[in-house]
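Structural features, examined
Here are the chains, one letter per residue:
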Amino acid sequence: DGKRLFYSQYAYYMLNKPAGVITATMDKKKETVLDLLDDKRKDLFPVGRLDIDTEGLLLITNDGELCHRLLSPKHHVDKCYFAKTDLPIPADAVKKFEEGIDLGDFTSMPAKLEIIGDCEAKVIVQEGKFHQVKRMFHKLGKEVVYLKRVAMAGIKLEDSLEKGQWRQLTEKEIEKLKEQADGKKEILCSEEGKNTGNLSDVE
């Protein structure tokens, strides 16, 4: 019809996942993260998962090879979370996270914990096992009452994205993902508090 068409083999999206939406490609009862996208191609899938009540950054793509490399623990890709707990977090929790916590069925890899308030913390893990961050706090006698992923693999959740909103990744961000998948590190949640997206201000 005289219109120019564009096709790209791979798609890469950033989604600000809201609570109540499940990280799955399809479900007969609940809304999935793919239901939030306008792109309805059938080969899209989330990179890892977030619990139904966890909010924040979720990457979605159809690049299976990149996804596998990003999720493999041997590539040490950082996933950064903001967490609120029901009780104050003790100072010795930092060391316990660094040493790895025995969760019964497995011992977590060394993780980075930065306490930014009595009941608030930044957590960086390089695994993504079921309820892992919540279980690590639970093992210390604290319950996570709010959890939000704010960064993953060098990509920070864009502040302007409202819950449920999404956008395509830029070419620069895609290149950064590939560098992370190849083991080139870039810490977004630093001890100095730089590039953290004002985690202490997250509500």
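These numbers were taken from a predicted model, which means no experiment stands behind them.

Before going further, it helps to spend a moment on empty space enclosed by the protein. Tallied over the entire structure, the rule returns three cavities of 30 Å³ or more. The volume enclosed by the second largest cavity comes to roughly 40 Å³. Lining the second largest cavity, in full, are Y12, Y13, V47, L59, I60, T61, L66, C67, L70, L169 and L177. The set of elements that each furnish at least two residues to the lining of the second largest cavity consists of strand 1 (12-17), strand 3 (55-61) and helix 1 (64-71). By residue class, the composition of the lining of the second largest cavity is 10 nonpolar, one polar and no charged.

To continue, consider the side chain of D63. Inspection of the secondary structure assignment puts D63 in the loop between strand 3 and helix 1. Setting aside residues no more than four positions away along its own chain, D63 makes contact with Y10, Y12 and F45.

What follows is about the confidence of the model for the protein chain. Summary statistics for the protein chain give a mean pLDDT of 89 and a share of 90% for residues scoring 70 or more. Counted against residues more than four places away or in other chains, residues 190-203, with its pLDDT under 50, gives 26 contacts.

Moving on, we come to the pairing of strand 3. Counting buried residues along strand 3, seven of its seven residues qualify, which places the element largely inside the surrounding structure. Relative to strand 3, strand 1 is paired through six bridges, and the arrangement is antiparallel. Its bridge partner lying in strand 3, M14 is registered against L59. Pairing of strand 2 (residues 45-46) with strand 3 involves two bridges; the strand directions are antiparallel. Of the residues in strand 3, the one forming a bridge with F45 is T61. Two elements, strand 3 and strand 7 (residues 144-152), share two bridges in a ladder whose sense is parallel. Each bridged residue has a counterpart across the sheet, and for E55 the counterpart in strand 7 is K148.

Calculation notes
- Residues numbered from 1 in each chain as written.
- Predicted model: local features only at pLDDT ≥ 70, side-chain atom pairs only at ≥ 80, totals over all residues.
- Heavy atoms only, no water.
- 1 Å grid on protein atoms, 1.4 Å probe; cavity = no way out; pocket = protein on both sides within 12 Å on 5 of 7 lines; lining within 4 Å.
- Points joined across faces, edges and corners; volume = space filled by probe spheres on them.
- Helix = DSSP H or I, 4+ residues; strand = E, 2+ residues; numbered from the N terminus.
- Nonpolar A, V, L, I, M, F, W, Y, C, P; charged D, E, K, R; others polar.
- Contact = heavy atoms within 4.5 Å.
- pLDDT = per-residue confidence, 0-100.
- Buried < 20%, exposed > 50% of the residue type's maximum accessible area, 1.4 Å probe, protein only.
- Pairing = 2+ DSSP bridges.

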